Amino acid sequence: MLKSWNDFGISIFSKMAEEATKNDAISLAQGFPDFDPPPEIIEEAVNALRGGFNQYAPSKGYLDLRVAIADYVEQRRQQKYDPDAEISVFSGATEALFCAVIALCEKGDELLTFEPFYDIYPGFALAAGARYVSVKLDTPDWGFDAEELRLAISNKTRVILLNTPNNPSGKVFSRAELELIAELAIRHDLIVVTDEVYEEIVFEPNQHLSIAQLPGMKERTVVVSSASKTFSVTGWKIGYALGPAKFINRMRTIHEHTVFCSASPLQKAVTKAFQLPSQYFEDLRRDYAQKRTFLLETLKKAQFKCLVPQGSYFVVADYSAISELDDEDFAVWLTREIKVASIPMSAFYSDKESMKKRRLVRFCFAKKPETLQESARRLAQI
Ligand SMILES: Cc1ncc(COP(=O)(O)O)c(C=O)c1O
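Residues numbered from 1 in each chain as written. Predicted model: local features only at pLDDT ≥ 70, side-chain atom pairs only at ≥ 80, totals over all residues. Heavy atoms only, no water.

Asks: Would you take a moment to explain the overall build of the chain for this structure?
Replies: Along its length, the chain carries 14 helices and 13 strands. In terms of overall size, the chain behaves like a compact globule, its C-alpha atoms giving a radius of gyration of 20 Å where 382 residues would be expected to give roughly 21 Å. Oriented by its inertia axes, the alpha-carbon framework of the chain measures out at about 55 × 55 × 40 Å. Burial status across the chain gives 56% buried among its 382 residues. Long-range contacts, defined as pairs at least 24 residues apart, comprise 75% of the intrachain contacts of the chain with a sequence gap of at least 6. Charge separation in the chain, taken as the distance between the mean sites of 46 positive and 52 negative side-chain charges, equals 1 Å. (Helix = DSSP H or I, 4+ residues; strand = E, 2+ residues; numbered from the N terminus. Rg over C-alpha atoms; globule rule 2.2 N^0.38 Å. Buried < 20%, exposed > 50% of the residue type's maximum accessible area, 1.4 Å probe, protein only. Contact = heavy atoms within 4.5 Å. Lys, Arg positive; Asp, Glu negative; His and termini not counted. Charge placed at Lys NZ, Arg CZ, Asp CG, Glu CD.)

Rendered as structure tokens:
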């Protein structure tokens, strides 16, 4: 368990980014698109910059953005959230998740999550003084053991932190899995925080379901999402949280006393983004499905064994037919020799040492067709 910020060291993400630059490699490592967002939302950001939206926004976010989020959520889930009391804007899902954990976990509480996890979660627990407890999602289908989950809940557990679709595994939690988690949350009176930033990137026949949609869950769930992945604007850092007013109010207090407000002109542009026609979201899914197929075929030809992701824009690949190196050494070798960067999967586990020997790396396919084609050409050299 991490006891101090000094325990983190240099992140593997920074290390792989540096290796990629030094070796002139294509980076399929970090999770962001190498293409632009829809031109109309760039236009809207420019209009907002020229139209006077250059000063602090209200701390909870502009009302028109909160209304646009409420409408978007209602269309998708037939669930109503009050834009005034139950929706707040944050500087990315990251800040919303940070505020949720700090607001909802007391010192000494336990934060229960699943691993592999989005690597910044353990830091939230550290900041809150909470103990980080995780249940393993395991290959080949990233399922979890119901008994392990039951046993992981103690009288100190306060929050379950979920991520569906999951980064890095691409797992989309099924209705049955969410029902089990919901039943335990209700029985033990737990709060659920659910990170759903990849909610729009889900591949047929899988469907995104938020645990907040299950009976008895809306009143104990904070849903966190973001414009980053849905609109290909990871550098804008506009995220949001939906939930019961008593939780959102506590999160607003943390936000108000740290970041205070999120970038004003970008909030205006994201308001427009949430009003895009449904065709935009269909095209996004179709484009990502094509990229997923292309990368899966490329990796298969290069002798990787891949787990087919149900959602997100990542593929986890087993390289045991290619090399016996540990995952970090393999990722460095692939960057230096083949000139394609990836992320070693051990980065997403608490027990990094034993995971290094599982020989898994993560590739990101949020890339232009030409980037993916050039990666295919390079990987074919293996
Ligand atoms: C699971 C998950 N949650 C949150 C984020 C960050 O979202 P944002 O850019 O809105 O802070 C990421 C980014 O990679 C992610 O993978």
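Asks: Just checking my understanding: could you explain the packing of helix α2 (residues 39–50) against helix α10 (residues 264–274) for this structure?
Replies: When two helices pack together, their arrangement is captured by the angle between the axes and the distance separating the axes. Taken N-terminus to C-terminus, the directions of α2 and α10 make an angle of 145 degrees; their axes are 8 Å apart at the nearest point. As for how α2 packs across α10, the hand of that crossing is right-handed. For the pair formed by α2 and α10, the contact residues are Glu40, Ile41, Glu44, Ala45, Ala48 and Leu49 on the first element and Pro265, Leu266, Lys268, Ala269, Lys272 and Ala273 on the second. When the residues that make up the contact of α2 with α10 are grouped by side-chain class, the tally is 8 nonpolar, no polar and 4 charged. (Axes fitted to C-alpha atoms, helices over the stretch in contact; angles between N-to-C directions. Left-handed = near helix turned anticlockwise from the far one by under 90°. Nonpolar A, V, L, I, M, F, W, Y, C, P; charged D, E, K, R; others polar.)

Asks: Hey, could you run me through α10 in this one?
Replies: Every α-helix winds through 3.6 residues per turn, so residues three or four apart in the chain are directed the same way. For α10, the buried fraction is high: 10 of the 11 residues fall into the buried class. Turning to α10, its buried residues are Ser264, Pro265, Leu266, Gln267, Lys268, Ala269, Val270, Thr271, Ala273 and Phe274.

Asks: Quick question: what am I supposed to make of the pairing of strand β3 (residues 110–115) here?
Replies: For a regular strand, the rule is simple: side chains alternate between the two faces of the sheet. Along β3, 6 of the 6 residues are buried, which leaves the element largely enclosed by surrounding structure. Relative to strand β4 (residues 131–136), β3 runs parallel, the two being bridged by 6 bridges. If you follow phenylalanine 114 over to β4, its bridge partner there is valine 135. A crossover links β3 with its parallel partner β4, the connecting element being helix α5 (residues 121–128), and its sense is right-handed. With 4 bridges joining them, β3 and strand β5 (residues 157–163) adopt parallel strand pairing. (Pairing = 2+ DSSP bridges. Right-handed = clockwise from strand over helix to strand, strands pointing away.)

Asks: Would you mind showing me how to read the site of the ligand here?
Replies: Taken together, 13 residues are adjacent to the ligand, and Ala93, Thr94, Asp195, Ser226 and Lys237 come closest. Asparagine 167 is positioned such that a nitrogen or oxygen atom in its side chain is 2.7 Å from an oxygen atom of the ligand. Contacts to the ligand include serine 226, whose side-chain N or O atom sits 2.6 Å from an oxygen atom. The protein chains hide 94% of the 400 Å² of surface that the ligand would expose on its own. Going through the elements one at a time, α4 (92–104) and α8 (227–230) are the ones with two or more residues in the shell around the ligand. (Near = heavy atom within 4 Å. Polar contact = N/O pair within 3.5 Å; in protein donor to acceptor, adjacent residues only side chain to side chain. Areas by Shrake-Rupley, 256 points an atom, 1.4 Å probe, with all protein chains shown as cover.)

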